[in-house]
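As a plain string of letters, each chain reads:
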Amino acid sequence: PSNVQFGQVMEAARHSMLKERATPLRRALTWLAFRQLFPHPDRLAFVGSLLRWYQHSPLPAIVRLATRIGLVPRRLALMEKMAPPLSDRFFETPSTELFASQGPARMTVGMVSGCIMPLAFAPTNEATVRVLTANGCDVVVPRAQRCCGALASHAGDEPSAVSMARANIDAFETAGMDRLDAIIINSAGCGAQLKNYAHMLRDDPAYAARAHRFQSKVEDVAEFLVRVGLTAPLGTVNRSVTYQDACHLVHGQKIKAQPRNLLHMIPGVDLIEMKDPDRCCGSAGIYNILQPDMSSQVLEAKLENVVATKASCIVASNPGCLLQVNMGLKDRGMDMTGMHIVDILDESITAARNSDPVHA
């Protein structure tokens, strides 16, 4: 009610703690992650390839056995368990940096492809492109873009987050930001970070005004689609779903109705609201890794509400939520799965073209 921007205050405190109180090991790991890895897409892709090889090897079974007898640190075991199965190919931007509209283009949008999304959620990025192009958008994906900086901010590494923000502004300006009607993001955590660039760079004379211009164009994919309206026909998807309000979407960006509006538009979708849909799932950026015990307690409370709906899947707009909830459902032996909202929209558009309802 007093309009205190708690997220900004908290991240400033994290930066101070990392600078003044963190152990040498914590500082070294932060430097390695957010200065040597996340700002470099090629290095991230290489690490993703190693993880994909690991997932197809006998090693995961050995790690699970070692975890049960206490030979693997809990945080490492949690990270291994949360890692999604990586697809055989990662999301790639064409050399032209353009995905053309599937019909007459009514607008041109940019797309932030992210750092984790191209590796761990490549099909969701591809679905995002298909949904946008099916609805009359030319989609520009600058190859020079970098990680949005959200994870660095969560870890308290403000200089790295600021550096990535500048790089992204440069990339979209080079790609022709003035011609873009919007800059689309499909990750709630990244969206909240992108919409904070003006604050992050407020004291930078070279970037302050440019950050305002960039931030003014950023929209979550659900926010954008509801604002401009859908033009692609939607086919039947016979699926019961419940919707998880990602904290960075509902609290950070005040986006609550738009994803539900989209779900209500899809023929055959039965939206079953869970109790307290806007309560955290326990992922919270990197909180589930830094504080696994508390994160697990928060997740258990969320899963009770999810399972009570008896829906066939849980829909969310943030990869962190999907990783966290899918991990919890798997641990419980549940058939219910998590999926991104653009995945179900993509199913509906495909069903309309094929005139064949999708059953779940």
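Our subject in this report is the structure included herewith. (Residues numbered from 1 in each chain as written. Predicted model: local features only at pLDDT ≥ 70, side-chain atom pairs only at ≥ 80, totals over all residues. Heavy atoms only, no water.)

Side note on the overall build of the chain
Point 1. The helix and strand tally for the chain stands at 19 helices and 10 strands.
Point 2. In terms of C-alpha radius of gyration, the chain reaches 20 Å, essentially the compact-globule figure of 21 Å for 360 residues.
Point 3. For the chain, the C-alpha atoms occupy an extent of roughly 55 × 55 × 45 Å along the three principal directions.
Point 4. Within the span of the chain, comprising 360 residues, buried residues form 51% of the whole.
Point 5. For the chain, long-range pairs separated by at least 24 residues make up 79% of all intrachain contacts whose partners lie at least 6 apart in sequence.
Point 6. Computed over 37 positive and 34 negative side-chain charges, the inter-centroid distance for the chain is 4 Å. (Helix = DSSP H or I, 4+ residues; strand = E, 2+ residues; numbered from the N terminus. Rg over C-alpha atoms; globule rule 2.2 N^0.38 Å. Buried < 20%, exposed > 50% of the residue type's maximum accessible area, 1.4 Å probe, protein only. Contact = heavy atoms within 4.5 Å. Lys, Arg positive; Asp, Glu negative; His and termini not counted. Charge placed at Lys NZ, Arg CZ, Asp CG, Glu CD.)

Brief notes about the packing of aromatic side chains
Point 1. Tallied over the entire structure, the rule returns 4 aromatic pairs.
Point 2. Pairing Phe172 with Phe214 gives two aromatic rings, centres 5.7 Å apart and planes at 70°, and the pair type is edge-to-face. Residue Phe172 is located in helix α9 (residues 158-174), and its partner Phe214 is located in helix α12 (residues 208-217); the two are separated by 42 residues in the primary sequence.
Point 3. Ring centres 5.4 Å apart and planes at 20° place the aromatic pair Tyr197 and Phe214 in the stacked group. Within this pair, whereas Tyr197 is found in helix α11 (residues 197-200), its partner Phe214 is found in helix α12, the two being separated by 17 residues in sequence. Considered together, Tyr197 and Phe214 belong to a single accessibility category, that of buried residues.
Point 4. A connected cluster of aromatic rings, assembled from ring pairs, spans Phe172, Tyr197 and Phe214.
Point 5. The ring of Tyr207 has Arg210 lying over it, and the distance from NZ or CZ to the ring centre is 4.2 Å. (Phe/Tyr/Trp six-rings, centres within 6.5 Å; stacked < 30°, edge-to-face > 60°. Lys NZ or Arg CZ within 6 Å of the ring centre and 35° of its normal.)

A look at the pattern of salt bridges
Here the idea is simple: oppositely charged side chains can pair when their charged atoms come close.
Point 1. In this structure the tally under the stated criterion is 16 salt bridges.
Point 2. Across the pair Asp276 and Arg279 runs a salt bridge whose closest N-O atoms are separated by 4.0 Å.
Point 3. Residue Asp276 is classed as partly exposed on the basis of its relative accessible area of 30%.
Point 4. Connected through salt bridges with shared partners, the residues Asp170, Glu173, Arg210 and Arg213 form a single ionic network. (Salt bridge = Lys/Arg side-chain N within 4 Å of Asp/Glu carboxyl O.)

Focus on the sheet that holds strand β1 (residues 98-99)
Point 1. Spatial strand order, β1-β3-β2-β4-β5: 5 strands in an open sheet with mixed pairing. Every interior strand has two partners, whereas the edge strands, β1 and β5 (218-220), have only one.
Point 2. With 3 bridges joining them, strand β4 (residues 182-185) and β5 adopt parallel strand pairing. From the neighbouring strand, Ile183 faces β5, where its bridge partner is Val218. (Pairing = 2+ DSSP bridges.)

Examining helix α15 (residues 257-265)
Point 1. All of the buried residues along α15 are Gln258, Pro259, Arg260, Leu262 and Leu263.
Point 2. Tucked inside the fold, the buried residues of α15 contact α13 (221-228), β6 (237-243), α14 (247-250), β7 (269-271) and α19 (341-354).

Let's talk about a nonpolar patch on the surface
Point 1. Together, Leu25, Leu29, Trp31 and Leu32 make up an exposed nonpolar region whose accessible area comes to about 440 Å².
Point 2. With respect to the element layout, Leu29 can be found in helix α2 (residues 24-36).
Point 3. By relative accessible area, Leu29 is classed as partly exposed at 48%. (Patch = residues over 30% accessible without salt bridge, like charges linked within 9 Å, V, L, I, M, F, W, Y side chains within 5 Å. Areas by Shrake-Rupley, 256 points an atom, 1.4 Å probe, with all protein chains shown as cover.)

Some details on the environment of Ala232
Point 1. Its location among the elements puts Ala232 in the loop between α13 and β6.
Point 2. Once the C-alpha coordinates of Ala232 and Leu290 are considered, the two residues, 58 residues apart in sequence, prove to be 43 Å apart.
Point 3. If we skip the residues at most four places from it in the chain, Ala232 touches Ala134, Asn135 and Ile349.

A closer look at the environment of Ile341
Point 1. Along the chain, the position of Ile341 falls in helix α19.
Point 2. Aside from chain neighbours lying at most four places away, what touches Ile341 is Pro259, Leu262, Leu263, Val315, Ala316 and Ser317.

Some words on the nonpolar core
Point 1. Counting 94 residues, the largest nonpolar core has Val109, Leu132, Tyr197, Phe214, Phe224 and Ile344 as the members making the most contacts within it.
Point 2. Residues within four places of Ile344 in sequence aside, it is in contact with Val237, Arg239, Val241, Leu263, Ile266, Val269 and Met339. (Core = buried A, V, L, I, M, F, W, Y, C linked by side-chain atoms within 4.5 Å.)

Quick word on the pairing of β4
Point 1. Along β4, one buried face is formed by Ala182 and Ile184 and the opposite face, lined by Ile183 and Ile185, is buried too.
Point 2. In this sheet, β4 lies alongside strand β2 (residues 107-111) in parallel orientation, the contact comprising 3 bridges. Following the sheet pairing, Met111 is matched in β4 by Ile184.

Topic: the packing of α9 against α12
Point 1. Between α9 and α12, whose axes approach to 10 Å, the crossing angle comes to 70°. Between α9 and α12, the interaxial angle falls into the category roughly perpendicular. Handedness of the crossing formed by α9 with α12: left-handed. Contacts between α9 and α12 involve Asn168, Ile169, Asp170, Phe172 and Glu173 on the former and, on the latter, Arg210, Ala211, Arg213 and Phe214.
Point 2. Looking at side-chain class alone, the contact of α9 with α12 contains 4 nonpolar, 1 polar and 4 charged residues. (Axes fitted to C-alpha atoms, helices over the stretch in contact; angles between N-to-C directions. Parallel < 35°, antiparallel > 145°, perpendicular 65-115°, else oblique. Left-handed = near helix turned anticlockwise from the far one by under 90°. Nonpolar A, V, L, I, M, F, W, Y, C, P; charged D, E, K, R; others polar.)

Some remarks on the packing of helix α7 (residues 122-134) against α19
Point 1. α19 packs onto α7 with a crossing angle of 55° between their chain directions and a minimal axis gap of 9 Å. In terms of their interaxial angle, α7 and α19 are classed as oblique. At the point where α7 passes α19, the crossing takes the left-handed sense. Of α19, the residues touching α7 (which contributes Pro123, Thr124, Ala127, Thr128, Arg130, Val131 and Ala134) are Val342, Asp343, Leu345, Asp346, Ile349 and Arg353.
Point 2. For the contact of α7 with α19, a count of residues per class yields 7 nonpolar, 2 polar and 4 charged.

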